[in-house]
Amino acid sequence: MTAWTTSSPRRFARREWGPLFRTVREALVHDKWRAVPMTLGAVCLTSVFQIVQNTSWGFQPVQNLGSVKAVDPLWLALLRTPLSLFVPALDLPVWGALAQILLVFGISEICIGWWRTLVIGYVATLAGTTYARIGLSLGPDHPFGLPVSDRIVNDTGPSAAVVGLAIYVCWRYRAYLTGAVVVLAMIGEVLVKDNLAGKEHLAAIAAVMAVCVVRTKWGPERSRLPLGGRPPPLDTRPG
């Protein structure tokens, strides 16, 4: 009984996080910071935006480049979306955005490549931006609706992209329980604090899960397995 109790968590950890951990560790050991050039660039860009928007002359230019609001014309929101990921939210500490980018973007860049990281990040962010407009049209009385006051909420930061990337990487590396925990955490966020950001996170999850379903059903066979086309090694030892 004792042997089963001590070995089962280890076997679970190897199944859930083993392939992901090995991929990240090998990349960092071999290439160190060269393994995540896009992530480092994103961290630097976010830091620059944070510094500039807190100056007397820089706030409005940063808003013009990367601030998205539901009240904006759609074409303008789409034009600003690429940089909106890297403009820190005004009501949150910047270290949170930097930590999210460094950790989640870094893992994603190693595991799925820099261009997939950007694509999935933008899919998640665009899903949130699109939802904000749909939610406002539904109105505050609808379960998925939003109050009129959310029209002018400054919708910036990497959080939707981070949530979407976490879901995608968990699916890609078969860390299904971890992905489920992320989903439940985001649902809990909405239940505790029913705001625009929380509902946008759920929209981002829905969009990325749709991408996963499409790739599972109609994508190449290798897209259903971790990168390299090999299934995660399972511990088949008894006990």
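Notes on the structure follow. Keep in mind that what you see is a predicted model, and the values were worked out from it rather than measured.

Here we look at a nonpolar patch on the surface
Taken together, the side chains of L184, I187, L191 and V192 make up a nonpolar region of the molecular surface, amounting to roughly 460 Å² of accessible area. Counting through the fold element by element, L184 comes out in helix α8 (residues 176-192).

Overview of the packing of helix α4 (residues 74-84) against helix α6 (residues 114-138)
Where α4 contacts α6, the axes come no closer than 10 Å and their chain directions differ by 145 degrees. Crossing of α4 over α6 shows right-handed handedness. Seen from α4, the contacting residues are L74, A77, L78, T81, P82 and S84; seen from α6, they are Y122, T125, L126, T129 and R133. In terms of residue class, the contact of α4 with α6 is built from 6 nonpolar, 4 polar and 1 charged.

A few points about the nonpolar core
Grouped together as the largest cluster of nonpolar side chains are 37 residues, with contacts concentrated most on F86, F105, Y168 and V208. Among the secondary structure elements, those contributing two or more residues to this core are α1 (2-31), α2 (37-53), α5 (94-112), α6, α7 (159-172) and α9 (196-218). Residue contributions to this core peak at 9 residues, all from α7. A132, L146, L196 and A203 belong to the second largest nonpolar core, which has 6 residues in total.

Notes on the packing of α7 against α9
Relative orientation of the contacting elements α7 and α9 amounts to 30 degrees, with a least axis distance of 9 Å. Comparing the axis directions of α7 and α9 gives the class roughly parallel. Judged by the sense of rotation from one axis to the other, the crossing of α7 with α9 is right-handed. Along the contact surface, α7 presents S159, A160, V163, G164, I167, Y168 and W171, while α9 presents H201, A204, I205, V208, M209, V211, C212, R215 and T216. Looking at the contact of α7 with α9 residue by residue, the class counts come to 11 nonpolar, 4 polar and 1 charged.

Cut-off values and rules
Residues numbered from 1 in each chain as written. Predicted model: local features only at pLDDT ≥ 70, side-chain atom pairs only at ≥ 80, totals over all residues. Heavy atoms only, no water. Patch = residues over 30% accessible without salt bridge, like charges linked within 9 Å, V, L, I, M, F, W, Y side chains within 5 Å. Areas by Shrake-Rupley, 256 points an atom, 1.4 Å probe, with all protein chains shown as cover. Salt bridge = Lys/Arg side-chain N within 4 Å of Asp/Glu carboxyl O. Helix = DSSP H or I, 4+ residues; strand = E, 2+ residues; numbered from the N terminus. Axes fitted to C-alpha atoms, helices over the stretch in contact; angles between N-to-C directions. Left-handed = near helix turned anticlockwise from the far one by under 90°. Contact = heavy atoms within 4.5 Å. Nonpolar A, V, L, I, M, F, W, Y, C, P; charged D, E, K, R; others polar. Core = buried A, V, L, I, M, F, W, Y, C linked by side-chain atoms within 4.5 Å. Buried < 20%, exposed > 50% of the residue type's maximum accessible area, 1.4 Å probe, protein only. Parallel < 35°, antiparallel > 145°, perpendicular 65-115°, else oblique.

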